[in-house]
Amino acid sequence: MRNLPLVLAFALLVTACSSPEENKERLPAVILDTDIGPDYDDVGAMAVLHALADSGQVVPLAVIASNSHELVVPAINILNTYFGRPDLPTGAPKGEGVPYAKASQGWPELIAEKYPHTIKSSADAPDAVETYRKILSAQPDTSVTIVTVGFLTNMAALLESPADSNSKLSGKELVTQKVKRLVSMAGRFPKGREYNVFVDSVASEKVFTQWPTEVIFSGFEIGMKVVTGQRVIHNAALNSPVKDVYAKAMSFSKGDSLGRMSWDQTAVLIAVKGAEPYFGLQRGHYVPEGGNNAWRDDPEGPHAYMTFKRPVEEITETIENLMMHQKK
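What counts, and at which threshold
- Starting afresh in each chain, residues are numbered from 1 along the sequence in its written order.
- Local features in this predicted model are restricted to residues of pLDDT 70 or higher, and side-chain atom pairs are both shown and tallied only at a pLDDT of 80 or more, whereas totals for entire chains, interfaces and linings draw on every residue.
- Just so you know, side-chain values use all the structure's heavy atoms and leave hydrogens and water out.
- Cavity means a closed set of points on a 1 Å grid over the protein atoms alone, one where a 1.4 Å probe fits but cannot get out, pocket means an open set with protein on both sides within 12 Å along at least 5 of 7 lines, and lining means a residue has an atom within 4 Å of a point.
- Grid points are joined across faces, edges and corners, and a volume is the space filled by probe spheres set on the points.
- Each helix is a run of DSSP H or I of at least 4 residues and each strand a run of E of at least 2, with the numbering of both proceeding from the N terminus.
- When residues are grouped by polarity, Ala, Val, Leu, Ile, Met, Phe, Trp, Tyr, Cys and Pro land in nonpolar, Asp, Glu, Lys and Arg in charged, and all others, Gly among them, in polar.
- Take the buried Ala, Val, Leu, Ile, Met, Phe, Trp, Tyr and Cys residues and link them wherever side-chain atoms come within 4.5 Å; each set so joined is a nonpolar core.
- Note on classification: 1.4 Å probe, protein chains only; a residue is buried when its accessible area is under 20% of the maximum for its type, exposed when over 50%, partly exposed between these limits.
- In what follows, a contact means two residues having at least one pair of non-hydrogen atoms within 4.5 Å.
- The arc in question is traced by the directions running from the helix axis to the C-beta atoms.
- Only strands that DSSP links by at least two bridges are regarded as paired with each other.
- The patch calculation keeps residues exceeding 30% relative accessible area without a salt bridge and links them within 9 Å when they carry like charges or within 5 Å when they are nonpolar (Val, Leu, Ile, Met, Phe, Trp, Tyr).
- For accessible areas, the Shrake-Rupley method is used with a probe of radius 1.4 Å. Any residue's cover is judged against the shown protein chains and nothing else.
- The salt bridge definition used is simple: a Lys or Arg side-chain nitrogen within 4 Å of an Asp or Glu carboxyl oxygen.
- Positive charges come from Lys and Arg, negative ones from Asp and Glu, while His and the chain ends are left out of the count.
- Within 6.5 Å between ring centres, the rings of Phe, Tyr and Trp (the latter by its six-membered ring) count as paired, and their orientation is classed by plane angle as stacked under 30 degrees, edge-to-face over 60, tilted in between.
- Lysine NZ or arginine CZ positioned within 6 Å of the ring centre and within 35 degrees of the ring normal marks a charge as sitting over the ring.

Re the layout of surface pockets
Phase 1 of the analysis: Considered as a void within the structure, the second largest pocket measures approximately 200 Å³ in volume.
Phase 2 of the analysis: Lining the second largest pocket are 15 residues, with Asp 39, Glu 194, Tyr 195, Asn 196 and Trp 263 positioned closest to its centre.
Phase 3 of the analysis: Within the residue set of the lining of the second largest pocket, elements represented by two or more residues are helix H3 (41-54), helix H9 (195-199) and helix H14 (263-273).
Phase 4 of the analysis: Here the lining of the second largest pocket takes three residues from H9, the largest share from any one element.
Phase 5 of the analysis: Partitioned by chemical class, the residues of the lining of the second largest pocket number seven nonpolar, one polar and seven charged.

Focus: the nonpolar core
Nonpolar side chains tend toward joint burial in soluble globular proteins.
Phase 1 of the analysis: Residues Leu 32, Ile 36, Leu 49, Trp 107, Val 147, Val 268 and Phe 279 are the most contacted members of the largest nonpolar core, which totals 62 residues.
Phase 2 of the analysis: Broken down by element, the residue count for this core peaks at nine residues, all from H3.
Phase 3 of the analysis: If sequence neighbours within four positions are ignored, Ile 36 has contacts with Asp 42, Val 43, Met 46, Asn 67, Val 72, Ala 75, Ile 76, Leu 79 and Trp 107.
Phase 4 of the analysis: The next biggest cluster of nonpolar side chains, apart from the first, holds 34 residues, and it includes Ala 62, Tyr 132, Val 179 and Tyr 286.

A look at the environment of Phe 83
Phase 1 of the analysis: By the secondary structure assignment, Phe 83 is in the loop between helix H4 (72-82) and helix H5 (107-114).
Phase 2 of the analysis: A relative accessible area of 3% means that Phe 83 is categorised as buried.
Phase 3 of the analysis: Considered as a pair, Phe 83 and Leu 152 are 69 residues apart in the sequence and their alpha carbons are 26 Å apart.
Phase 4 of the analysis: If sequence neighbours within four positions are ignored, Phe 83 has contacts with Ala 47, His 50, Asp 54, Val 242, His 325 and Lys 327.

Quick word on unusual backbone geometry
Phase 1 of the analysis: Cis geometry marks the peptide bond from Phe 189 to Pro 190, where omega comes out at 5°.
Phase 2 of the analysis: Tracing the chain through its elements places Pro 190 in the loop between strand E4 (179-184) and strand E5 (192-193).
Phase 3 of the analysis: Across the junction of Glu 276 and Pro 277, the peptide omega takes the value 0°, indicating a cis bond.
Phase 4 of the analysis: By the secondary structure assignment, Pro 277 is in the loop between H14 and strand E9 (279-289).
Phase 5 of the analysis: For Thr 142, which is not glycine, the phi torsion reads 45° and is therefore positive.
Phase 6 of the analysis: With respect to the element layout, Thr 142 can be found in the loop between helix H6 (128-137) and strand E3 (144-148).
Phase 7 of the analysis: Note on Thr 142: relative accessible area 47%, which makes it partly exposed.

Quick notes on helix H10 (residues 201-210)
Phase 1 of the analysis: Residues of H10 that are buried include every one of Ala 203, Ser 204, Val 207 and Phe 208, and no others. Buried residues along H10 cover an arc of 115° about the axis, so they all sit on one side.
Phase 2 of the analysis: Where H10 is buried, its residues meet helix H7 (153-160), E4, H9, strand E6 (214-217), E9 and strand E11 (303-308).

A look at the pairing of E9
Phase 1 of the analysis: Strand direction decides the pairing type here: E9 and E11, joined by six bridges, are antiparallel. Counterpart to Gly 280 in the pairing with E11 is Thr 307.
Phase 2 of the analysis: As judged from the six bridges shared by E9 and strand E10 (residues 292-297), these two strands associate in the antiparallel manner. Bridging across to E10, Pro 288 finds its partner in Asn 293.
Phase 3 of the analysis: Connecting E9 to the antiparallel partner E10 that follows it, the hairpin turn spans two residues, and Gly 290 within it adopts a positive phi of roughly 70°.

Here we look at a nonpolar patch on the surface
Phase 1 of the analysis: Side chains of Tyr 195, Phe 198 and Val 199 sit close together on the surface and give an oily, nonpolar patch of about 230 Å² of accessible area.
Phase 2 of the analysis: Mapping Phe 198 onto the fold places it in helix H9.
Phase 3 of the analysis: Its relative accessible area of 32% is what places Phe 198 among the partly exposed residues.

As for the side chain of Asp 35
Phase 1 of the analysis: Within the secondary structure, Asp 35 is located in the loop between strand E1 (29-34) and H3.
Phase 2 of the analysis: For the buried Asp 35, no salt bridge exists, and the shortest N-O distance to an oppositely charged side chain is 10 Å, to Arg 260.
Phase 3 of the analysis: Apart from the residues lying within four places of it in its own chain, the contact partners of Asp 35 are Asp 42, Ser 66, Asn 67, Val 149, Gly 150, Phe 151, Tyr 195 and Asn 196.

Some thoughts on the packing of aromatic side chains
Phase 1 of the analysis: One pass over the full model with this rule turns up 16 aromatic pairs.
Phase 2 of the analysis: Ring geometry for Phe 208 and Phe 217: centres 4.8 Å apart, planes at 70°, overall edge-to-face. Across the pair, Phe 217 and Phe 208 agree in class, each one buried.
Phase 3 of the analysis: Here Trp 295 and Tyr 305 contribute two aromatic rings whose centre-to-centre distance is 4.9 Å and whose plane-to-plane angle is 80°, an arrangement assigned as edge-to-face. Of this pair, Trp 295 sits in strand E10 while Tyr 305 sits in strand E11, placing them ten residues apart in sequence.
Phase 4 of the analysis: Given a relative accessible area of 12%, Tyr 305 falls into the buried group.
Phase 5 of the analysis: An aromatic cluster is present here, built from Phe 189, Phe 208, Phe 217, Tyr 286, Trp 295 and Tyr 305 joined pairwise through their rings.
Phase 6 of the analysis: Cation over ring: Arg 193 sits above Phe 198, and NZ or CZ is 4.2 Å from the ring centre.

Here's what the structure looks like:
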């Protein structure tokens, strides 16, 4: 070490002396917000998150439902339990007018009958906003990445939330202090209509015009080209709820016979690992148009949407490998 520059030698010494706890604190900390149910790429996204966590690349803080259907939180709990994190915090939107969407393929019922879980209904879960405020208040400043792969209902409610026993800060102040960025599977770029945005378009507009940190969008046009599932369902060595969901759901639609588009997995991947080497970022401003969106380029803008930088086949292979991760 004596031949190294003094600053570099000191940096290496500090790294060598760091404890596992200190190294863990430097990992990305992620909250996943999902409408798991109307589509099943959310299941793939949860598998990606747990696989990256098991390989020491991320600290999952919570998986929270943005959909109030009764089997949504049980599905989250089943997957968290399978991957060895049964106590990972969760929550669900409460009150009137929250989105309610059901999976038409019957896979939530399938895995609820087959796999262990302790939460039997979304009604039994805590309030989503309360869970957010409790978790965020306990984190270091500007340390949390929130990934939304469903409706923006919870994000709008969080911004509007008042001070409480968890924090004296308003919701917007708490987000400003604790959140590093929001990654959202939402929108279609540079212009278009996308499901997560228009299902709760009022919440979407509020979030994407008022959110106080950087927002990165994984648009519809990204995930539609990354088709996964065939390798998952034909992997004889794999025994997991992820495989069961894809096998059942893919059989329901001729359009999914070769796999399902992977919108939500791309959002989780970039939230944990960053854009490089797979994606580029086009910076600017998201422009709401009711349930649709437009875009205005600006190199200094607070928003960015993903573009492809590596071949789609390479990204597909990476995501599908993570989806085939089995519990330790």
